[in-house]
Amino acid sequence: MNPEVAFFGTVFASFFAIMNPFANTPVFLGLTEGMDKKTTRQLAFRALALTFIIMAAFAASGNFLLSFFGITLYAFKIAGGVLVGLVGYHLLNGGSSGVQQPSDEHMKEGGDAVLGMAVSPLAMPLLAGPGTLVTGMNFAADGHRGHLLVVLIAFAVVCVITFFCFIGGQVITRVLGKNFIMVISRIMGLILAVVGTQMLIEGIRAAVAAS
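Residues numbered from 1 in each chain as written. Predicted model: local features only at pLDDT ≥ 70, side-chain atom pairs only at ≥ 80, totals over all residues. Heavy atoms only, no water.

Caption draft 1: Focus on the packing of aromatic side chains. Throughout the structure, instances matching the rule amount to ten aromatic pairs. Judged by centre distance (6.2 Å) and plane angle (15°), the ring pair of Phe 8 and Phe 12 falls under stacked. In this pair, Phe 8 and Phe 12 are both assigned in helix α1 (residues 3-19), four residues apart and thus about one turn of the helix distant. According to the relative accessible area criterion, Phe 12 is partly exposed, its value standing at 24%. Centre to centre, the rings of Phe 163 and Phe 164 are 5.5 Å apart; their planes meet at 75°, and the pair counts as edge-to-face. We classify Phe 163 as buried; its relative accessible area is 14%. Clustering of aromatic rings is evident, with ring pairs tying together Phe 8, Phe 12, Phe 16 and Phe 22. (Phe/Tyr/Trp six-rings, centres within 6.5 Å; stacked < 30°, edge-to-face > 60°. Helix = DSSP H or I, 4+ residues; strand = E, 2+ residues; numbered from the N terminus. Buried < 20%, exposed > 50% of the residue type's maximum accessible area, 1.4 Å probe, protein only.)

Structure below.
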């Protein structure tokens, strides 16, 4: 298999697992309960556009941030592997996001106030959380421009999939059912645990080689 294709597959699977569109769809439905379709679509688009911008900024500036703080790449991979692995562990055990449904007062404040939820809690911390940012930086931090482009394309594809899951959330939830979504979430957790372990192994191997 072409190395770039294999790399894209790994990055896509990692982002898909950590963004977990199917498991996050019920959360989005809870946040948008009572909203009209136009507002729901706008909220989903704004949240995912902002999520992409945040992740792209972190991925593109990864090397600068590491250099600025004096952090080695292998130390970052070790820490990132632990963090991503922990996210996977919580998903495997049926853990969920701490995002809470907004209050009735918030829902009544009007369209602009409601669309503010695109920033928080949707974009951060639900979608562009620490696990997502660390994953993007880890994959793009080797300085290979082609890898950065692959990371951005893979993440954009996941964002598009998530958008359609959000706007079609009621159909997806009704067709798949909550139990099936829970199973998918745990499978995503297993994938993340493996990805985190691989990051950890690569970081330790690089640290040993540098010593």
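Caption draft 2: Just the nonpolar core, in detail. If you look at the biggest cluster of nonpolar residues, it comprises 46 residues, and the most contacted ones within it are Phe 15, Met 19 and Val 151. Here this core gets eight residues from one element, more than from any other, and that element is helix α10 (residues 145-167). The residues contacting Phe 15, other than those within four sequence positions of it, are Asn 20, Met 55, Thr 132, Thr 135, Gly 136, Val 151, Phe 155 and Val 158. (Core = buried A, V, L, I, M, F, W, Y, C linked by side-chain atoms within 4.5 Å. Contact = heavy atoms within 4.5 Å.)

Caption draft 3: Seen up close, unusual backbone geometry. Non-glycine residue Asn 20 carries a positive phi angle of around 50°. Position of Asn 20 among the secondary structure elements: in the loop between α1 and α2 (21-31).

Caption draft 4: Structural detail: a nonpolar patch on the surface. On the surface, Phe 64, Phe 68, Phe 69 and Ile 71 cluster together to form a nonpolar patch covering roughly 490 Å² of accessible area. Tracing the chain through its elements places Phe 68 in helix α4 (residues 62-68). (Patch = residues over 30% accessible without salt bridge, like charges linked within 9 Å, V, L, I, M, F, W, Y side chains within 5 Å. Areas by Shrake-Rupley, 256 points an atom, 1.4 Å probe, with all protein chains shown as cover. Salt bridge = Lys/Arg side-chain N within 4 Å of Asp/Glu carboxyl O.)

Caption draft 5: How the structure looks around the side chain of Thr 132. Mapped onto the secondary structure, Thr 132 falls in helix α9 (residues 130-140). When residues no more than four places from it in sequence are discounted, the contact partners of Thr 132 are Phe 15, Ile 18, Met 55, Leu 127 and Phe 155.

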